There are 2 protein chains.
Amino acid sequence: MSEFDLIARYFVRHAHPKNRAMLGIGDDCALLLQQDGMQTAISSDMLVEGRHFFAGTDAYKLGHKSLAVNLSDLAAMGAEPVAFTLALSLPKADEQWLEKFSAGLFALADEHNCELIGGDTTKGPLNICITIFGQTPIGTALRRDTAQIGDDIWVSGTLGDARLALGAMHKEYELDAKTLNAAAVSLHTPQPRVALGLALRGVAHSALDVSDGLIGDLGHILKKSGLGATLNVDTLPAGAMLQKQSVEMRRRFTLAGGDDYELCFTAPASRREEVLGAALAANTSVTRIGSTEATPGTRLLDSDGKILDLQLASFDHFA
Amino acid sequence: MSEFDLIARYFVRHAHPKNRAMLGIGDDCALLLQQDGMQTAISSDMLVEGRHFFAGTDAYKLGHKSLAVNLSDLAAMGAEPVAFTLALSLPKADEQWLEKFSAGLFALADEHNCELIGGDTTKGPLNICITIFGQTPIGTALRRDTAQIGDDIWVSGTLGDARLALGAMHKEYELDAKTLNAAAVSLHTPQPRVALGLALRGVAHSALDVSDGLIGDLGHILKKSGLGATLNVDTLPAGAMLQKQSVEMRRRFTLAGGDDYELCFTAPASRREEVLGAALAANTSVTRIGSTEATPGTRLLDSDGKILDLQLASFDHFA
């Protein structure tokens with residue numbers, strides 16, 4: 001099967017419901033027209049076999065996750081998904097794999113009205129690079145550098161189940177099959193919080209998505225906004241499977257687990273009702289976990305209000 | 001060196017001359033604002049070590065080429081470069097490599113006023129994925145599906161020297177060092193024909209860039225426009241080093257060499273003077289090599305006007 005046949009068979013769809021692209025797959029470039037009053041939010045993520053996912057990962061789930069991590073970046077900006085490009089390096093033209101991968105990819109894309117408008121396919125070690133495009137009215141994007149002193153710090157959904165599953169898969173510890181399978185749902189098919197991000201426009205002061213671990217990612221907001229924070233560690237919402245583990249593990253994996261794809265955001269204390277209203281409208285739970293303050297650094301408190309001294313490292317690809 | 005340090009040291013530049021991005025590297029997404037009356041042209045290319053370039057390729061040249069192939073896609077649409085994202089998978093955080101790669105990348109980016117606005121870095125087999133953004137006034141993009149019957153077919157620059165160098169590097173044949181080095185310039189540091197693409201807006205009927213070999217790439221224009229063509233094979237402009245080789249090799253490598261990154265375009269015969277004027281304005285040579293016609297298929301003629309029966313295959317990543 002040639003490269004052009006591959007593209008045509010699995011990735012070209014002629015009747016996308018929205019057809020926002022003026023010109024899509026099959027020319028040197030796709031052409032996109034921005035709506036009046038809108039700006040375009042752009043993010044690229046690269047997923048590498050053996051690094052971001054195990055060799056042999058189910059292709060349907062991989063298709064889902066590849067787009068989910070990009071949609072999560074749009075969610076973190078409060079941007080509405082519009083379109084994406086897919087660059088794919090494959091060891092071989094495996095039709096069964098492509099069929100499943102594209103099915104998982106398009107199922108999530110359709111859910112978010114996000115159109116595939118171009119890309120590249122080549123032979124090589126398995127590597128999936130998606131660049132995604134979203135839109136926000138000019139000036140409304142949720143940024144990292146705009147948190148204010150005294151903001152509440154919030155997180156969506158739950159944290160740590162993806163890390164719990166990953167640790168078992170890496171043989172750090174054993175989990176019974178039922179627990180592992182349940183936790184692995186968070187790892188393999190994260191649900192990007194697009195609706196919540198949209199609902200938080202004009203309410204939150206700042207936001208990002210938690211991909212490398214809460215404490216490290218929150219650190220980006222704090223650093224860029226010139227602030228510090230206090231977190232009430234035992235209020236962090238642990239995943240259903242992580243809740244059954246030790247306090248020590250729960251603290252570690254909620255604070256620095258990684259692969260959560262939840263939103264962490266800050267909003268003024270005066271707008272708690274609006275935050276809860278946005279969460280309700282988006283059908284996504286949110287938990288208030290601390291607050292920002294002028295003093296640099298992040299202080300971790302236990303349920304008695306005592307300082308916790310935990311050694312934690314955010315995930316780093318070259319550490 | 002951590003991922004964040006890497007990004008900061010080699011890829012974040014605070015004082016880009018144009019600063020078209022409203023928000024650049026360091027948030028979940030970059031933010032771009034489209035100018036009034038413009039549409040955005042988008043293209044993604046993925047370069048894999050061992051497939052698109054040899055292991056050990058000079059990092060400066062690789063930085064140049066990675067962006068050049070994307071700029072070439074903008075050129076082929078008649079789009080003005082605006083910005084790009086870079087996703088990079090690296091086996092290790094090699095500072096010397098990164099310094100050279102980023103220098104080659106930014107030298108070409110600056111030449112074309114094209115700003116790096118975001119991306120991703122990760123550990124893995126060397127893979128470079130750039131997504132590029134350009135702009136064209138709405139309705140002016142040079143497409144593949146808009147060639148007309150009786151158009152002249154043109155190609156920019158020269159063809160085949162990249163393929164000539166590649167064959168010697170693959171030990172298909174031997175070249176003396178001087179010839180190989182001269183031919184390899186085309187392979188390693190192609191010059192994207194951005195100025196020519198811009199000058200051809202409103203003049204050419206259709207265009208694309210020649211990356212997989214002229215005859216296969218021209219075939220995309222013909223197929224999408226529902227046309228056929230006759231090419232005068234011996235008028236094809238061979239690279240300076242290829243000109244010294246056999247007629248057979250010259251024909252084969254100009255027709256189906258690959259890696260040329262020249263523009264192939266069609267324009268009405270009534271506008272030859274304007275095409276030549278555009279080429280002059282862009283300081284890029286162009287050669288008229290044939291014409292389109294209603295009869296499907298591509299007929300190849302020699303210098304006596306006799307039909308040539310050549311077996312040629314366009315480059316295909318999964319063939």
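Residues numbered from 1 in each chain as written. Chains lettered and ligands numbered in written order. Predicted model: local features only at pLDDT ≥ 70, side-chain atom pairs only at ≥ 80, totals over all residues. Heavy atoms only, no water.

Chemist: Hey, could you run me through helix α3 (residues 95–111) of chain B in this one?
Modeler: One full turn of an α-helix is made of 3.6 residues, so residues set three or four places apart face in the same direction. Residue and element names in this part refer to chain B. The end-to-end C-alpha separation of α3 is 24 Å, in line with the 24 Å expected for 17 residues at 1.5 Å each. The set of residues buried in α3 consists of W97, L98, F101, S102, G104, L105, F106, L108 and A109. Capping of α3 at its N-terminal end is provided by D94; its side-chain oxygen lies 3.1 Å from the backbone amide nitrogen of Q96. Positive phi shows up at N113, right after α3, with a value of about 50 degrees. (Helix = DSSP H or I, 4+ residues; strand = E, 2+ residues; numbered from the N terminus. Expected span 1.5 Å × (residues − 1). Buried < 20%, exposed > 50% of the residue type's maximum accessible area, 1.4 Å probe, protein only. Polar contact = N/O pair within 3.5 Å; in protein donor to acceptor, adjacent residues only side chain to side chain.)

Chemist: Could you clarify how one ought to interpret the interface of chain B and chain A in this entry?
Modeler: One frequently used descriptor of interface size is the decrease in accessible area upon assembly of the parts. Counting residues at the interface gives 65 residues for chain B, matched by 65 residues for chain A. For the chain B and chain A pair, buried surface summed over both sides reaches about 5300 Å², with 60% attributable to carbon and sulfur atoms. Our count for the chain B to chain A interface comes out at 4 salt bridges. Residues B:R144 and A:D28 are paired through a salt bridge, measuring 3.0 Å at the closest nitrogen-oxygen approach. In this structure, the connection of chain B to chain A is made through 26 residue pairs in polar contact (both at pLDDT 80 or more). The leading source of residues in the side of chain B that touches chain A is strand β3 (residues 38–48) of chain B, at 10 residues. Per-class residue counts for the side of chain B that touches chain A are 32 nonpolar, 18 polar and 15 charged. Here 3 bridges tie strand β2 (residues 30–32) of chain A to β3(B), and the two strands are oriented antiparallel to one another. Looking at β3(B), one finds that A:A30 is bridged to B:I42. (Contact = heavy atoms within 4.5 Å. Buried area = accessible area lost by both parts, 1.4 Å probe. Salt bridge = Lys/Arg side-chain N within 4 Å of Asp/Glu carboxyl O. Nonpolar A, V, L, I, M, F, W, Y, C, P; charged D, E, K, R; others polar. Pairing = 2+ DSSP bridges.)

Chemist: What exactly am I supposed to notice about the UniProt feature "binding site: Mg(2+) 5" (unreviewed entry) in chain A here?
Modeler: All names here are of chain A. Mapped onto the present numbering, the UniProt feature "binding site: Mg(2+) 5" (unreviewed entry) falls on D212. For D212, the position within the fold is in the loop between β8 (206–210) and α7 (214–225). What makes D212 buried here is its relative accessible area of 14%. (UniProt positions renumbered as here; feature names shortened; annotations may be inferred.)

Chemist: Quick question: what am I supposed to make of the side chain of A:S102 here?
Modeler: Residue and element names in this part refer to chain A. Mapping S102 onto the fold places it in helix α3 (residues 95–111). According to the relative accessible area criterion, S102 is buried, its value standing at 7%. Sequence-distant contacts of S102, that is, excluding residues within four places in its chain, are made with Y10 and F11.

Chemist: It is not clear to me how the sheet that holds strand β10 (residues 262–268) of chain B should be interpreted in this structure. Could you clarify?
Modeler: Paired through their backbone hydrogen bonds, the strands of a sheet run either parallel or antiparallel. Residue and element names in this part refer to chain B. If you trace the 6 strands from one edge of the open sheet to the other, you get β8-β10-β7-β11-β9-β12, paired in mixed fashion. The open sheet has two edge strands with one neighbour each: β8 (206–210) and β12 (297–301). Each neighbouring strand pair of the sheet contributes to a mean axis angle of 25 degrees, computed without reference to strand direction. Taken together, the 5 bridges between strand β7 (residues 151–156) and strand β11 (residues 286–293) define a ladder with antiparallel strand orientation. When the bridges of β11 are listed, S156 appears paired with V286. Against the sheet, helix α2 (residues 59–77) touches β8 and β10, its axis set at about 165 degrees to β8. (Axes fitted to C-alpha atoms, helices over the stretch in contact; angles between N-to-C directions.)

Chemist: Even after reading the chapter, I still don't get the relation of the copies chain B and chain A, so can you show me in this structure?
Modeler: Mapping between the two chain copies consists of a rotation about an axis together with a translation along that axis. For the pair chain B and chain A, the relating rotation is 180 degrees, the translation along its axis is 0.0 Å, and the fit reaches an RMSD of 0.0 Å. Considering both components of the superposition, the chain copies are consistent with a two-fold axis. Both copies share a contact surface, since 100% of the interface residues of chain B are interface residues in chain A too. (Least-squares fit on C-alpha atoms with pLDDT ≥ 70 in both.)

Chemist: How do you make sense of the pattern of salt bridges when you look at a structure like this?
Modeler: Oppositely charged side chains are able to pair whenever their charged atoms sit close together. Enumeration according to the criterion identifies 28 salt bridges over all chains in this entry. Here A:R272 makes a salt bridge to A:D152, at a shortest N to O gap of 2.6 Å. Residue A:R272 is located in helix α9 (residues 272–281), and its partner A:D152 is located in strand β7 (residues 151–156); the two are separated by 120 residues in the primary sequence. Of the residues examined, A:R272 reaches a relative accessible area of 31% and is grouped as partly exposed. Of the residues examined, A:D152 reaches a relative accessible area of 3% and is grouped as buried. Counted as one network, the salt bridges with shared partners bring together A:D27, A:D28 and B:R144.

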